[in-house]
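Structural features, examined
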Amino acid sequence: METIDLIALRSFTRRTGQPTHPELLDVRPIEHVNKIEIDEEHITIEFDEKTDRYYNANEITKREWVYKYNDDPEFVKAIAKVIDLARKNFKVMPENITCPPGCAECCSGYEPFVSKADVQRLADHLKMSYRDVVKEYVVERPSADGYHVGWLRKVTDDLADKCVFLKGSGSGHYYCGVYEGRPHDCGEFTPIGCDDVDEELSHEGEYKTGAPFRPKRRKAAATRAARR
Ligand code: SF4
Ligand code: SF4
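Bear in mind that the values here come from a model prediction, so they are computed numbers and not experimental data.

Below, the discussion takes up the side chain of T44. In this structure, T44 sits in strand β3 (residues 42-54). Not counting chain neighbours up to four residues away, the residues in contact with T44 comprise K35, I36, E37, E64, W65 and V66.

Below, the structure is given as structure tokens:
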């Protein structure tokens, strides 16, 4: 574990040879981040330093960097950058682990956070305005760093209920109705350590999904047009 004291960047530079300005920090150690912990004084980032792949298994060497915290605006900016980079690399997904198609247990009870980019992607996908997507499908609760605007709604106010975009007729037959436009959180979700996996489901055979999610207004317009 190495402590990077961004309050005393000059000594950090002397010791490591890294540039002093936070914007120029070497961000290589932020690849393959597994865990970010923030307490009153430190931000700890656990990441994979090295991955060796063997048949059916991966051996991963882990490492931690600790960033010492203060409320200096430049430091806050540097940490925001570190967290942003960490988020982008927040994945370790051995190729041999996959979800059984149709499971989607995690699309109930889990609220994917959405950034502005996620909302815009959903808006483009559903051919709606940014504002309408927020109004209809997002519970607005901006995060302190301004990265997230809120999280996806459920079909009811019960948090354990299904995601508003989840489609399918029953257990083992679910699918995401906005797959190509789904939030980053959903795309990066991994089954590693998942306790909810539906063990009954098979990985074999072809899994057929149905019609994509349609916004209510467009669905109503399509129904009206079909009746004419
Ligand atoms: S957007 Fe799709 S993948 Fe994400 S929680 Fe909803 S149904 Fe699941
Ligand atoms: S196995 Fe786990 S992570 Fe994968 S779809 Fe099922 S509940 Fe979600």
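If you check the shell around ligand 1, you find C107, P112, L152, C163, F165, L166, C176, V178, P183 and C186 and nothing else. Here the shell around ligand 1 is built from residues that sort into 10 nonpolar, no polar and no charged.

Position of K127 among the secondary structure elements: in the loop between α3 (116-126) and α4 (130-137). By relative accessible area, K127 is classed as exposed at 69%.

The immediate surroundings of ligand 2 are formed by C99, P100, C103, A104, E105, C106, F189, P191, C194, D196 and V197. In the shell around ligand 2, the residues fall into 9 nonpolar, no polar and 2 charged.

Turning to the environment of G187, a few remarks are in order. By secondary structure assignment, the location of G187 is in helix α5 (residues 184-188). When the C-alpha positions of G187 and P112 are compared, they lie 9.9 Å apart, and in sequence the two are 75 residues distant.

The subject of this paragraph is the environment of Y147. For Y147, the location among the structural elements is in the loop between β6 (138-140) and β7 (148-152). On the basis of relative accessibility, which here comes to 27%, the residue Y147 falls in the partly exposed class.

The rules we used
Residues numbered from 1 in each chain as written. Chains lettered and ligands numbered in written order. Predicted model: local features only at pLDDT ≥ 70, side-chain atom pairs only at ≥ 80, totals over all residues. Heavy atoms only, no water. Helix = DSSP H or I, 4+ residues; strand = E, 2+ residues; numbered from the N terminus. Contact = heavy atoms within 4.5 Å. Near = heavy atom within 4 Å. Nonpolar A, V, L, I, M, F, W, Y, C, P; charged D, E, K, R; others polar. Buried < 20%, exposed > 50% of the residue type's maximum accessible area, 1.4 Å probe, protein only.

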